[in-house]
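Examination of the molecular architecture
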Amino acid sequence: RDGIYPVTYAYRLFGYPKSIKATAKMKRDIDFQLKVIFEYENGIKAYLTSAIDRLGSIAAKVEGTEGKIKLPMMFHAARKAKLKSKQGNQIYKDKENILLYEREFVIASQEIQEGLIESRFVSKKSTLDVMKILEEIKSQINLKYPDDRN
């Protein structure tokens, strides 16, 4: 479940991957479980999973040579992040205590009221790139929606 969120997070952190490898467990033409690996030019790898047939962690973790950052359950609506590094552990909390969804809505409504036709927060290019990545994943797992154009 929530397959677009890990793709969007990886894209925002690392950009467009140089390679995408996707596998899925399918039932009745539905991707019940999905595993994706993104590889980037600088050697970074992103491992993404999503599932609708089992309850699991909806957390996010970024690991590097100097430490790791963990966003708790419902990472796409997290209000805090944990940093573990060689210098110690820290917890970062959202001072405004606003869910990401709410923040995105406020930004979008302000930009519409300003008459903008492209968001400063999420560019047209990033939206199209994420859509292209999702289409590549769909192609690799042979997933077709009824409204997909051939």
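In short, a report on the structure. (Residues numbered from 1 in each chain as written. Predicted model: local features only at pLDDT ≥ 70, side-chain atom pairs only at ≥ 80, totals over all residues. Heavy atoms only, no water.)

Brief notes about the packing of helix H1 (residues 4-14) against helix H3 (residues 124-140)
Look at H1 against H3: their axes get within 10 Å of each other, and the N-to-C directions meet at 125°. Here H3 runs oblique to H1, going by the angle between their axes. H3 is crossed by H1, and the crossing has right-handed handedness. Within the contact between the two elements, H1 uses Ile4, Val7, Thr8 and Tyr11 and H3 uses Lys125, Ser126, Asp129, Val130, Ile133, Leu134 and Ile137. Taken together, the residues of the contact of H1 with H3 break down into 7 nonpolar, 2 polar and 2 charged. (Axes fitted to C-alpha atoms, helices over the stretch in contact; angles between N-to-C directions. Helix = DSSP H or I, 4+ residues; strand = E, 2+ residues; numbered from the N terminus. Parallel < 35°, antiparallel > 145°, perpendicular 65-115°, else oblique. Left-handed = near helix turned anticlockwise from the far one by under 90°. Contact = heavy atoms within 4.5 Å. Nonpolar A, V, L, I, M, F, W, Y, C, P; charged D, E, K, R; others polar.)

Comments concerning H3
Look at H3: 24 Å from first C-alpha to last across 17 residues, which is about the 24 Å you get at 1.5 Å a residue. Residues Ser126, Asp129, Val130, Ile133, Ile137 and Lys138 constitute the buried set of H3. Its buried side turned inward, H3 meets H1, strand E1 (19-27) and strand E2 (30-39). (Expected span 1.5 Å × (residues − 1). Buried < 20%, exposed > 50% of the residue type's maximum accessible area, 1.4 Å probe, protein only.)

Focus: unusual backbone geometry
Even without being a glycine, Asn142 presents a positive backbone phi close to 60°. Its location among the elements puts Asn142 in the segment after H3.

Observations regarding the pattern of salt bridges
Enumeration according to the criterion identifies 5 salt bridges in this entry. With a closest N to O distance of 3.0 Å, Arg120 and Glu114 form a salt bridge. Taking the relative accessible area as the measure of exposure, Arg120 reaches 58% and is therefore exposed. Classification of Glu114 by relative accessible area gives partly exposed; the value is 48%. Across the pair Lys125 and Asp129 runs a salt bridge whose closest N-O atoms are separated by 2.6 Å. Here Asp129 and Lys125 lie together in helix H3, a separation of 4 residues that amounts to about one turn. Residues participating in the shared-partner salt-bridge network are Glu111, Glu114 and Arg120. (Salt bridge = Lys/Arg side-chain N within 4 Å of Asp/Glu carboxyl O.)

Observations regarding the packing of aromatic side chains
Summed over the entire model, instances satisfying the criterion amount to 2 aromatic pairs. Judged by centre distance (5.4 Å) and plane angle (55°), the ring pair of Phe14 and Tyr40 falls under tilted. With a gap of 26 residues between them, Phe14 in helix H1 and Tyr40 in the loop between E2 and strand E3 (45-51) connect regions that are remote in the sequence. Between Phe38 and Tyr40, the aromatic rings sit 6.4 Å apart at their centres with planes inclined by 90°, giving edge-to-face as the arrangement. Judged by relative accessible area, Phe38 falls into the buried class, the value being 0%. Since its relative accessible area comes to 4%, Tyr40 is described here as buried. Among the aromatic residues, those joined into a ring-pair cluster are Phe14, Phe38 and Tyr40. (Phe/Tyr/Trp six-rings, centres within 6.5 Å; stacked < 30°, edge-to-face > 60°.)

Just geometry here; none of it tells us what the structure is for.
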